Amino acid sequence: MKNKGFSLVELIIIISIMTIIAVAIAPALIRYINKSRKADDLTAADTIKSAYNAALANEDIYEVVAKKSEDTNMKLGSDSVTALLVASADDDEWTIYGSSSDDLKIFKEEMDKTCPPEKLKFRKNIDPSDSKNSNTDYLIGGTDEFTPDGWLVCMNQAEEPCVFVTNGKKNSDIHGVSLSPLKCSAYKE
């Protein structure tokens, strides 16, 4: 009995079937990967918000943050927020937003110790001007399209923490949408 192996036709048929299966599965796999990345970012935003709330349990930190919240420095829809800490994708520690004063240093150190900024996983463009992607009351810096590349921790007028995903800038060119509370439908899809 002779063992001939596979013929060329059989190999071509097998490769064709495998290609068809790969093409059919690829979009679902990409959607699953993006969904997983979004979930990771939302979990990171909630972790940042929890660390923020835990830091406020320290009276010294609470006084500093409350004093800083009187200095509204960003427009958030019809309200204003006080930006406190910011981090870009390459950072392994938080940076005090705005002035280089050391008034928030104790808060920054606590956040660095308990919750260093995590790398963002979902890196697709977000268009805040698209009404289905965001609520304009939870936008920072306008409606320019951006790729998530950083975090912004701030306090709203009700003295509640907000965590934004931003374009990674640390100055007035910052753009972002709220992830905690979740107001960006690009992350809800």
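This structure is a prediction, so every number in the text was calculated from the model and none was measured.

About the thresholds
- Residues numbered from 1 in each chain as written.
- Predicted model: local features only at pLDDT ≥ 70, side-chain atom pairs only at ≥ 80, totals over all residues.
- Heavy atoms only, no water.
- Helix = DSSP H or I, 4+ residues; strand = E, 2+ residues; numbered from the N terminus.
- Core = buried A, V, L, I, M, F, W, Y, C linked by side-chain atoms within 4.5 Å.
- Buried < 20%, exposed > 50% of the residue type's maximum accessible area, 1.4 Å probe, protein only.
- Contact = heavy atoms within 4.5 Å.
- Phe/Tyr/Trp six-rings, centres within 6.5 Å; stacked < 30°, edge-to-face > 60°.
- Arc of directions from axis to C-beta.
- Axes fitted to C-alpha atoms, helices over the stretch in contact; angles between N-to-C directions.
- Parallel < 35°, antiparallel > 145°, perpendicular 65-115°, else oblique.
- Left-handed = near helix turned anticlockwise from the far one by under 90°.
- Nonpolar A, V, L, I, M, F, W, Y, C, P; charged D, E, K, R; others polar.

To continue, consider unusual backbone geometry. Along the chain, S180 connects to P181 via a cis peptide bond; the corresponding omega equals 10 degrees. By the element assignment, P181 lies in the loop between β7 (176–180) and α4 (185–188).

Attention shifts here to the nonpolar core. Core analysis: the biggest nonpolar cluster contains 34 residues, and Y52, V65, F107, W151 and Y187 have the highest contact counts within it. Taken together, the elements giving at least two residues each to this core come down to α1 (8–55), α2 (59–69), β2 (79–88), α3 (105–114), β5 (150–156), β6 (161–166), β7 and α4. Here the element with the most residues in this core is α1; it accounts for 7 residues. The residues touching Y52, leaving out its near neighbours within four places in the chain, are V65, L84, F107, M111, V153, C154, M155 and P161. Membership of the second largest hydrophobic core comes to 10 residues, among which are V81, A83, Y97 and I174.

Two aromatic rings are characterised by how far apart their centres lie and by the angle between their planes. The tally for this structure, following the rule as stated, stands at 1 aromatic pair. Aromatic pair Y52 and F107: ring centres 5.4 Å apart, planes at 90 degrees, arrangement edge-to-face. One end of the pair, Y52, is in helix α1; the other, F107, is in helix α3, with 55 residues separating them in the sequence. Judged by relative accessible area, Y52 falls into the buried class, the value being 1%. For F107, a relative accessible area of 0% corresponds to the buried category.

Let us now look at α3. Every α-helix winds through 3.6 residues per turn, so residues three or four apart in the chain are directed the same way. Here α3 has its buried residues at F107, K108, M111 and D112. Considered in projection along α3, the buried side chains sweep an arc of 135 degrees and stay on one side of the axis.

As a packed pair, α2 and α3 sit with axes 8 Å apart at the nearest point and diverge in direction by 120 degrees. On the basis of the axis angle, α2 is oblique to α3. Along this stretch, α2 crosses α3, giving a crossing that reads as left-handed. Here α2 contributes D60, I61, V64 and V65 to the contact with α3, which in turn contributes I106, F107 and E110. A per-class count over the contact of α2 with α3 returns 5 nonpolar, no polar and 2 charged.

Read these as geometric descriptors, not functional statements.
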